[in-house]
Amino acid sequence: MDNIEFSLTPEFAHKMDQDDPLRDFRNKFYIPEKNGKQVIYFCGNSLGLQPRSVSDYLSKDLEKWAKKGVDGHFEGDVPWIDARKPSKAQLANLLGASELEVVAMNSLSVNLHLLMVSFYRPKGKKYKILTEAGAFPSDQYILESQVKYHGFSPDKAIIEAKPRPNEHVLRTEDILELIRSHKDDLALIMFSGVQYYTGQLFDMNAISKEAKANNIIVGFDLAHAVGNIPLQLHDWGVDFATWCSYKYLNSGPGNVSGIFVHQKYSNDNQLPRFAGWWGHNEEERFKMEKGFKHMQGADGWLVSNDNVLGLAAHQASLDLFAKAGIENLRRKSQLLTSYLEFAIRETISDTNSLEIITPLKPTDRGCQLSLLIQNKGKRVFDFWIEKDVVADWRNPNVIRLAPTPMYNSFQDVYEFSQILKNSLND
Ligand SMILES: *Cc1c(COP(=O)(O)O)cnc(C)c1O
């Protein structure tokens, strides 16, 4: 990370913004306002802001629909039957994959189920799944229902990696040790890339390598990692992954998810899958014949036809990522999150009342800090809301702050520190 000595003054924050090569991207987004003033938006980990270009992208398809009706499927720059294709180049870049390995489709929880149909293949003693304790609830329900579907009890079949006593995050060595000690009974390792609650970035490379060395399938939920952390899924040897596009990818509420399936499965006829017409060989799709023949690569997992309007908004955002560059975003992100950490430390004298549970090493986290506030946490949080800070509260007592490099500024962090100071004195 760049070696910069921080200082908590408006002048310093201003200078950092001036020197930020990505400073113009903030103007490419709508920043929500309250009381006639822009809020301090630290909630890009929950819903990314709207790029100003979205409505142009959308109106092209709305106009095409108005003017051409059903012919839009086969006409225009991008016929709707190919609507998902333009997103592949940028998704491949963000995920560290080839275009064959990625596709945008469905929503995240649905995709995780579809992928587990193919990649959770319990056999004899090897039927267990290793995951992190405290995973996002949807992921917990998905694993639970999948193991039940195969006739196992979740208590026995799901192994949860837990932090050591008095620690908040997992140590990589402990995860790897768990994999080794359960190598004979694990069918699948299913982890998040960045943990939604603690903000911990897991060492996906090390986890995948250990999984592969022990002949175990490995998948990741990248909801909080995509658009936040540069990824190298192909080289890490990850078998499959899925993510959503409405958090750091700024594609709009509930918008399309994406999947990664490693190239080694691109022609695999043996894997079971829940098929639909859009995953069928596209040369023959409209013959409407019996007998499913899957497309190569990730497209072979498609079920339904493409969500054209959703993909238009998705593309608007991906084009901004292509311009900004994920490596540049990561560089700024490490600075901005470290500045927030610095600002919190400078402001808080009593570290007993507020603890940062996110790893303190910038390489072990993305752009989120999770604060554990012991006593009056909810009161502090409510004070921030009154002062137009948008963050989020996660029971029982954690506040998550996500300074997002695409549109947050160093000034946001400085202003937040002043509100933090007042909220604690309140
Ligand atoms: C946001 C998030 C989800 C949400 O799932 P949807 O299917 O998009 O509603 C699931 N899992 C994780 C880890 C998340 O962060």
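Keep in mind the model is a prediction, meaning the values are calculated, not measured.

## Notes on the overall build of the chain
- When you go through the chain residue by residue, the secondary structure sums to 13 helices and 15 strands.
- A compact globule built from 426 residues should have a C-alpha radius of gyration of about 22 Å, and the chain, at 22 Å, falls within 12% of that.
- Considered along the principal axes of its C-alpha atoms, the chain spans approximately 70 × 60 × 35 Å.
- Within the chain, residue pairs in contact and separated by at least 24 positions form 71% of the contacts whose partners lie at least 6 positions apart.
- On the chain, roughly 18900 Å² of surface is accessible, and the fraction owed to carbon and sulfur atoms is 49%.

## A short note on the side chain of Ser87
- Within the element layout of this structure, Ser87 appears in helix H3 (residues 87-95).
- What Ser87 contacts, discounting residues up to four positions off in sequence, is Ala104, Leu311, His314, Gln315 and Leu318.

## Structural notes on the site of the ligand
- In the region of the ligand, the neighbouring residues are Leu108, Ser109, Phe136, Asp139, Asp221, Ala223, His224, Tyr246 and Lys247.
- Here an oxygen atom of the ligand and a side-chain polar atom of Ser109 are 2.6 Å apart.
- Tyr246 places a polar side-chain atom, nitrogen or oxygen, 2.5 Å from an oxygen atom of the ligand.
- Notes on the ligand: free accessible area 390 Å², of which the protein chains cover 83%.

## Regarding the packing of helix H2 (residues 54-68) against helix H10 (residues 308-324)
- Axis separation between H2 and H10 bottoms out at 8 Å; the angle between their running directions is 145 degrees. Here H2 and H10 pass one another in a crossing that is right-handed. Two secondary-structure elements touch here, H2 through Val54, Tyr57, Leu58, Asp61 and Leu62 and H10 through Val308, Leu309, Ala312, Ala313, Gln315, Ala316 and Asp319.
- Taken together, the residues that form the contact of H2 with H10 break down as nine nonpolar, one polar and two charged.

## As for the UniProt feature "binding site: pyridoxal 5'-phosphate" (unreviewed entry) in the chain
- The sites that UniProt annotates as "binding site: pyridoxal 5'-phosphate" (unreviewed entry) are Leu108, Ser109, Phe136, Pro137, Ser138, Asp139, Asp221, His224, Tyr246, Trp277 and Asn305. Sequence-wise these annotated residues cover 198 residues; spatially they are dispersed, their C-alpha atoms as much as 31.1 Å apart.
- One can find Ser138 in helix H5 (residues 137-149).
- Its location among the elements puts Asp221 in strand E8 (residues 217-221).
- Leave out the neighbours within four places in its chain, and Asp221 touches Leu108, Leu112, Asp139, Met190, Phe191, Ser192, Gly193 and Thr242.

## Section: the sheet that holds strand E10 (residues 257-261)
- With mixed pairing, seven strands are arranged side by side in an open sheet as E4-E10-E9-E8-E7-E5-E6. Two strands lie at the open edges of the sheet, namely strand E4 (102-105) and strand E6 (158-161), each paired on one side alone. Neighbour to neighbour, the strand axes of the sheet diverge by 20 degrees on average, direction disregarded.
- As paired elements, E4 and E10 share four bridges and run antiparallel to each other. Bridge assignment links Met105 to a residue of E10, and that residue is Ser257.

## Side note on the packing of aromatic side chains
- The final tally for this structure, using the stated rule, is 23 aromatic pairs.
- Judged by centre distance (4.9 Å) and plane angle (75 degrees), the ring pair of Phe119 and Tyr265 falls under edge-to-face. Of the two residues, Phe119 sits in helix H4 (residues 108-119) while Tyr265 sits in the loop between E10 and H10, which places them 146 residues apart along the sequence.
- Judged by relative accessible area, which is 2%, Phe119 ranks as buried.
- Taking relative accessible area as the criterion, Tyr265 reaches 10% and is therefore assigned buried.
- Lying across the ring of Trp393, Lys378 places its NZ or CZ 5.7 Å from the centre.

## Thoughts on the domain arrangement of the chain
- Its domain assignment divides the chain into domain 1 (10-30 + 326-423) and domain 2 (59-321).
- The distance between the C-alpha centroids of domain 1 and domain 2 comes to 29 Å.
- At the junction of the two partners, domain 1 supplies 30 residues and domain 2 supplies 18 residues.
- Taken together, both faces of the contact between domain 1 and domain 2 bury some 2000 Å²; the carbon and sulfur share is 62%.
- For domain 1, the biggest contributors to the area lost against domain 2 are Ile326, Ile357 and Gln368; these three give 28% of the whole.
- Counting residues per element, the ones that place at least two in the side of domain 1 that touches domain 2 are helix H11 (326-347), strand E12 (369-373) and strand E15 (398-401).
- Considering each element in turn, the side of domain 1 that touches domain 2 owes the most residues, five residues, to H11.
- In terms of residue class, the side of domain 1 that touches domain 2 is made up of 13 nonpolar, nine polar and eight charged.

Calculation criteria
- Residues numbered from 1 in each chain as written.
- Predicted model: local features only at pLDDT ≥ 70, side-chain atom pairs only at ≥ 80, totals over all residues.
- Heavy atoms only, no water.
- Helix = DSSP H or I, 4+ residues; strand = E, 2+ residues; numbered from the N terminus.
- Rg over C-alpha atoms; globule rule 2.2 N^0.38 Å.
- Contact = heavy atoms within 4.5 Å.
- Areas by Shrake-Rupley, 256 points an atom, 1.4 Å probe, with all protein chains shown as cover.
- Near = heavy atom within 4 Å.
- Polar contact = N/O pair within 3.5 Å; in protein donor to acceptor, adjacent residues only side chain to side chain.
- Axes fitted to C-alpha atoms, helices over the stretch in contact; angles between N-to-C directions.
- Left-handed = near helix turned anticlockwise from the far one by under 90°.
- Nonpolar A, V, L, I, M, F, W, Y, C, P; charged D, E, K, R; others polar.
- UniProt positions renumbered as here; feature names shortened; annotations may be inferred.
- Pairing = 2+ DSSP bridges.
- Phe/Tyr/Trp six-rings, centres within 6.5 Å; stacked < 30°, edge-to-face > 60°.
- Buried < 20%, exposed > 50% of the residue type's maximum accessible area, 1.4 Å probe, protein only.
- Lys NZ or Arg CZ within 6 Å of the ring centre and 35° of its normal.
- Domains from an automatic or database assignment.
- Buried area = accessible area lost by both parts, 1.4 Å probe.

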